[in-house]
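Tertiary structure, described
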Amino acid sequence: METINSVRGFRDILPPETDKWQRVEKTAHEVFRSFGFREIRIPVLEKTELFRRGIGESTDIVEKEMYTFTDRGEESLTLRPEATASVIRAYIEHSLHASETVTKLYTIGPMFRRERPQKGRYRQFHQIDTEILGPDDPRTDAELILMLTHFLRKLGLENLALEINSLGCPNCRPAFQKAIVSFLRGREKELCPDCQRRLNTNPLRIFDCKVESCQTVIADAPRLPEYLCGDCRKHFETLQESLGLFSLPFTLNPKMVRGLDYYTRTTFEITTEFLGAQNAVVGGGRYDHLVRDLGGPDIPGIGFAIGFERLIAMMPEADDALPPLLFIAAMGEAALKKAFHICNSLRMKGLAVEMDYAGRSLKSQMKRADKLRCRYALIVGDREIEENRASLRNMRTGEQQEARLDMLEETIIQLER
Ligand code: HAM
């Protein structure tokens, strides 16, 4: 019969790669906790309106990439393309702002964007997303970026290229937008049809366009940082100063606008050449009006999202899989019965133990113990069971000793010390 494969751009994550995923998640829980973050789990499906309003109508994500469908109740729903809008929705819905002046949340899970799949780009991918709601001071921005780089270093990632920018605020951005529009007037024909439209709807998006001719046109355009108001300038300077305290290297990228409309002031990305054109591993920034724009109180926020697949691809190889501690090779019916009992009892005590129920030859059972890289093998036959003893072999040294079956757990733990 014909087989059924997975959907294009949706991939299975198999062992041993999943060991790496678990290590990353464990490190995230530990690091984020020490910076005061708590985990939030949110649905993968939201009302389409949330992303339209949150991310922005004229972004690539909303225009072209969302998995949107009408459900049986005639409601337009969308598989989340990112986590920020959903986290803010939950923050408002549960009035989290009422109990804390600072709320630090993180979430890890799948996101969905219908992009063209290639290396490092999938239609279902995963993000590690963090958000800080409440404070608007630049030290919060620095703290978040410090936590991010600390986390990545803990996973063995060095030489990170951190780029930062400021996108200004509603006070200073209009002047910049005006400058962009007047710079591009007369050169409209050189822009792609999308950017010609963006010129009227959302000129900042032109910086983000992937079409080469648009990139050429925009290369000499005015730069946002030159238009920052006094407050935004001060914010940006204090951020840089705070990062400097930790000798954290970064470069200023005045062309970085990010692909989502909610950003104000600080934006940042961590890029890598490792992934070729798909080079952003992390993207984030401040969004001081998103909570209000989604119907909540006027509370500022900042966050980032790490692309899990891209992170995994960059991580140095490490042997994550801990081999089983013990293999029990049983010969004979009574031995099998006893071994089955010992094996599963030890597992329930937290020890990794393997055995083979099929009653194969000793040679093939030992072969399997070797293949699984078990550290010890216990060899039991029917007679040994009667005598409450068995041979315990250290698989690395080949040394063998007699062990009492009723003292097995203690003996092994002793050997491990
Ligand atoms: P973003 O830049 O759209 O930001 O995505 C963040 C990261 O998700 C990217 O840097 C990349 O590593 C990964 N990513 C995005 N699309 C794909 C894909 N198709 N395949 C694989 N990985 C992908 C956000 O999503 C914002 N919500 C970040 C944020 C949080 N800003 C403030 N708070």
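Quick caveat: nothing in here was measured; it's all calculated off a predicted structure.

How each quantity is defined
Residues numbered from 1 in each chain as written. Predicted model: local features only at pLDDT ≥ 70, side-chain atom pairs only at ≥ 80, totals over all residues. Heavy atoms only, no water. Helix = DSSP H or I, 4+ residues; strand = E, 2+ residues; numbered from the N terminus. Rg over C-alpha atoms; globule rule 2.2 N^0.38 Å. Buried < 20%, exposed > 50% of the residue type's maximum accessible area, 1.4 Å probe, protein only. Contact = heavy atoms within 4.5 Å. Areas by Shrake-Rupley, 256 points an atom, 1.4 Å probe, with all protein chains shown as cover. Lys, Arg positive; Asp, Glu negative; His and termini not counted. Charge placed at Lys NZ, Arg CZ, Asp CG, Glu CD. Arc of directions from axis to C-beta. Pairing = 2+ DSSP bridges. Axes fitted to C-alpha atoms, helices over the stretch in contact; angles between N-to-C directions. Disulfide = S-S within 2.5 Å. Left-handed = near helix turned anticlockwise from the far one by under 90°. Near = heavy atom within 4 Å. Polar contact = N/O pair within 3.5 Å; in protein donor to acceptor, adjacent residues only side chain to side chain. Core = buried A, V, L, I, M, F, W, Y, C linked by side-chain atoms within 4.5 Å. Domains from an automatic or database assignment. Salt bridge = Lys/Arg side-chain N within 4 Å of Asp/Glu carboxyl O.

Helices and strands together make up the secondary structure of the chain, namely 15 helices and 16 strands. In terms of C-alpha radius of gyration, the chain reaches 28 Å, well past the compact-globule figure of 22 Å for 417 residues. The dimensions of the chain, computed from C-alpha atoms along their principal axes, are 95 × 60 × 40 Å. Within the span of the chain, comprising 417 residues, buried residues form 50% of the whole. Contacts in the chain between residues far apart in sequence, at least 24 positions, make up 68% of those at least 6 positions apart. Here the chain has roughly 21,300 Å² of accessible surface; of this, 50% comes from carbon and sulfur atoms. For the chain, the distance from the average position of its 60 positive side-chain charges to the average position of its 62 negative side-chain charges is 2 Å.

Moving on to helix α7 (residues 193-201). Among all positions in α7, only Cys195, Arg198 and Leu199 are buried. For α7, the buried positions fall inside an angular range of 110° around the axis, keeping them on one side. Away from its buried face, by an angle of more than 90 degrees, α7 presents the exposed residues Pro193 and Asn200.

Strand order in the open sheet formed by 3 strands is β2-β4-β3, and the pairing between neighbours is antiparallel. A single partner strand is all that each edge strand has here, and the edge strands are β2 (45-47) and β3 (67-70). The sheet shows a mean angle of 35° between the axes of neighbouring strands, taken without regard to direction. Of the pairings in the sheet, the one linking β2 to strand β4 (residues 76-79) comprises 3 bridges and is antiparallel in character. Residue Glu46 lies in a different strand from β4, and its bridge partner there is Thr78.

What follows covers the state of the cysteines. For the structure on display, the rule yields 0 disulfides. For the unlinked cysteine Cys214, the closest cysteine sulfur is that of Cys192, found at 3.7 Å.

The subject of this paragraph is the packing of helix α1 (residues 17-34) against helix α5 (residues 138-154). At a minimum axis separation of 10 Å, α1 and α5 run at an interaxial angle of 140°. The chirality of how α1 crosses α5 is right-handed. Only Met147, His150, Phe151 and Lys154 of α5 make contact with α1, whose side of the interface consists of Val24, Thr27, Ala28, Val31 and Phe32.

Once that is clear, we can look at the sheet that holds strand β7 (residues 161-166). Sheet architecture is open: 8 strands sit in the order β1-β5-β6-β11-β10-β9-β7-β8, paired in mixed fashion. Among the strands making up the open sheet, the edge pair consists of β1 (38-39) and β8 (251-252). Contacting β5 (103-112) and β6 (124-133), helix α4 (residues 84-93) runs over the sheet at an angle of about 45° to β6. Helix α9 (residues 230-245) contacts β7, β8, β9 (264-271) and β10 (280-286) of the sheet and is inclined by roughly 160° relative to β7.

As a matter of local geometry, the ligand sits amid 27 residues, with Glu82, Thr84, Glu115, Tyr122 and Tyr263 nearest to it. In this structure, Gly307 approaches the ligand through a main-chain N or O atom, which is 3.3 Å from an oxygen atom. Between the ligand and Arg310, the relevant distance is 3.5 Å, taken from a nitrogen atom to a side-chain nitrogen or oxygen of the residue. Contact with the protein chains hides 96% of the accessible area of the ligand, taken as 660 Å² for the molecule alone.

Here we come to the nonpolar core. Ranked by internal contacts, the top residues of the largest apolar core, which has 80 residues, are Phe32, Phe151, Leu152, Ile306 and Leu311. No other element matches α5, which puts 8 residues into this core. If near-sequence neighbours (up to four positions away) are discounted, Ile306 is found in contact with His126, Gln127, Ile128, Leu148, Phe151, Leu152, Val281, Val282 and Leu311. Counting 23 residues, the second-largest nonpolar core is a separate cluster that includes Ile328, Ile385, Ala403 and Ile412.

Cis geometry marks the peptide bond from Pro15 to Pro16, where omega comes out at 5°. On the secondary structure map, Pro16 appears in the segment before α1. Positive phi outside glycine occurs at Ser247, with the angle close to 50°. Counting through the fold element by element, Ser247 comes out in the loop between α9 and β8. On the basis of relative accessibility, which here comes to 63%, the residue Ser247 falls in the exposed class.

Our focus in this paragraph is the environment of Arg360. Within the secondary structure layout, Arg360 lies in the loop between β13 (353-355) and α13 (362-371). Separated by 29 residues in the primary sequence, Arg360 and Met331 have C-alpha atoms spaced 8.0 Å apart. When residues no more than four places from it in sequence are discounted, the contact partners of Arg360 are Met331 and Gln365.

Let us look at the domain arrangement of the chain. On domain assignment, one finds that the chain holds domain 1 (17-172 + 228-314) and domain 2 (326-412). For domain 1 versus domain 2, the separation of C-alpha centres amounts to 50 Å.

As a further point, take the pattern of salt bridges. Two side chains of opposite charge can pair, provided their charged atoms sit close to one another. Evaluation of the coordinates by the stated rule reveals 32 salt bridges. A salt bridge links Lys210 to Asp60; the nearest nitrogen and oxygen atoms lie 3.9 Å apart. Remark: Asp60 occurs in helix α3 (residues 60-65) and Lys210 occurs in the loop between α7 and α8 (212-218); sequence separation between them is 150 residues. Under the relative-accessibility criterion, Asp60 is labelled partly exposed at 21%. A salt bridge links Arg197 to Asp194, with the shortest nitrogen-to-oxygen separation between them at 2.9 Å. Note that Arg197 and Asp194 are positioned in helix α7 at a spacing of 3 residues, about one turn of the helix. A cluster of three or more residues bridged by salt bridges with shared partners is formed by Asp60, Glu63, Lys64, Asp194, Arg197, Arg198 and Lys210.

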